[in-house]
Amino acid sequence: MRRFLCMVLTGIAMIGCLCTNAGAVDAPNAVLGEYELAEAAITRATGSFNTTVKANSEVMVDTKFTLAAGETVRIRASYSPEDASMDFGLLDSDGVYHYVNVTTGSIDKTIKVPESGDYWLVISNNSSNSVAVTGIVRY
């Protein structure tokens, strides 16, 4: 009798495990209790650049990025001479320049785009000397 009872309970446990339903929810902002589901940040591409920016001018470094509102672009670069004032940023299709000014010889900044659209990486040299710039951009 004891063996029979063990076999029945084992069978019930196996059926319970195999017949459990699972489902998925397509709701990126759904709230579960105290926890909010967040969309995963995915790096879509990485590009490197190596350029010289003439005195008091700007250079469009890369091809366009097509981004959705809220996506980010990380710019990591170093330049020489280190005391030059440089602007690193993204130019949108409306001509608005979203940039960060740097005067330390290097940058490691992330820019969040406000609107969906096409963006271009632009580096502006605010100094009176040419500046050599090397870096990577992740978007």
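Conventions and cut-offs
Residues numbered from 1 in each chain as written. Predicted model: local features only at pLDDT ≥ 70, side-chain atom pairs only at ≥ 80, totals over all residues. Heavy atoms only, no water. Core = buried A, V, L, I, M, F, W, Y, C linked by side-chain atoms within 4.5 Å. Buried < 20%, exposed > 50% of the residue type's maximum accessible area, 1.4 Å probe, protein only. Helix = DSSP H or I, 4+ residues; strand = E, 2+ residues; numbered from the N terminus. Contact = heavy atoms within 4.5 Å. Polar contact = N/O pair within 3.5 Å; in protein donor to acceptor, adjacent residues only side chain to side chain. Salt bridge = Lys/Arg side-chain N within 4 Å of Asp/Glu carboxyl O. Phe/Tyr/Trp six-rings, centres within 6.5 Å; stacked < 30°, edge-to-face > 60°. Pairing = 2+ DSSP bridges. Axes fitted to C-alpha atoms, helices over the stretch in contact; angles between N-to-C directions.

Trainee: Can you tell me about the nonpolar core, naming the residues and giving the values?
Mentor: It is characteristic of soluble globular proteins that their nonpolar side chains tend to be buried jointly. Residues Ile75, Tyr79, Met86, Phe88, Leu90 and Val133 are the most contacted members of the largest nonpolar core, which totals 22 residues. Secondary-structure elements contributing two or more residues to this core are strand S3 (46-53), strand S5 (65-67), strand S6 (72-80), strand S7 (86-92), strand S9 (106-112), strand S10 (117-125) and strand S11 (131-138). With four residues, the single largest contributor to this core is S6. Each residue touching Tyr79, except ones within four places of it in the same chain, is listed here: Ala84, Met86, Phe88, Val102, Thr103, Thr104, Gly105, Ser106, Val131, Ala132 and Val133.

Trainee: Let's hear about the side chain of Ser124: which residues, and what values?
Mentor: Mapped onto the secondary structure, Ser124 falls in strand S10. Looking at Ser124, the relative accessible area reads 6%, which means it is buried. Among the polar contacts made by the side chain of Ser124, one reaches the side chain of Glu58 at a distance of 3.2 Å.

Trainee: Kindly report on the pattern of salt bridges, identifying the contributing residues and their values.
Mentor: A complete count under the given rule lists two salt bridges for this structure. A salt bridge links Asp118 to Lys64; the shortest N-O distance between them is 3.5 Å. Remark: Lys64 occurs in the loop between strand S4 (58-60) and S5 and Asp118 occurs in strand S10; sequence separation between them is 54 residues. The partly exposed category is assigned to Asp118, whose relative accessible area is 23%. Close ionic contact of Asp108 with Arg74 constitutes a salt bridge, the shortest N to O distance being 2.9 Å. Of this pair, Asp108 sits in strand S9 while Arg74 sits in strand S6, and the two are 34 residues apart along the sequence.

Trainee: If you had to explain the packing of aromatic side chains to someone new, which residues and values would you point to?
Mentor: This model, assessed by the stated rule, comprises three aromatic pairs. On the numbers, 6.1 Å between centres and 35° between planes, the contact of Tyr79 with Phe88 is tilted. Each member of the pair, Tyr79 as well as Phe88, is classed as buried.

Trainee: Break down the sheet that holds S6 for me, citing the residues and quoting the values.
Mentor: On the basis of which strands lie adjacent, the open sheet formed by four strands has the order S3-S11-S6-S9 and antiparallel pairing. The sheet terminates laterally at S3 and S9, the two strands that pair on one side only. Across the sheet, the axes of successive neighbouring strands diverge by a mean angle of 20°, strand direction being ignored. Here seven bridges tie S6 to S11, and the two strands are oriented antiparallel to one another. Across the sheet, the residue bridging to Ser78 is Thr134, located in S11.

Trainee: I'd like to hear about the pairing of S10, residue by residue, with values.
Mentor: Where S4 and S10 come together, three bridges link them in antiparallel fashion. Each residue of the ladder has a partner; that of Glu58, found in S10, is Ser124. Sheet topology note: the S5/S10 ladder contains three bridges and is antiparallel. Bridging from a neighbouring strand, Phe65 pairs with Tyr119 of S10. Direction of pairing for S7 relative to S10: antiparallel, over a ladder of seven bridges. By the bridge assignment, Leu91 is partnered in S10 with Trp120.

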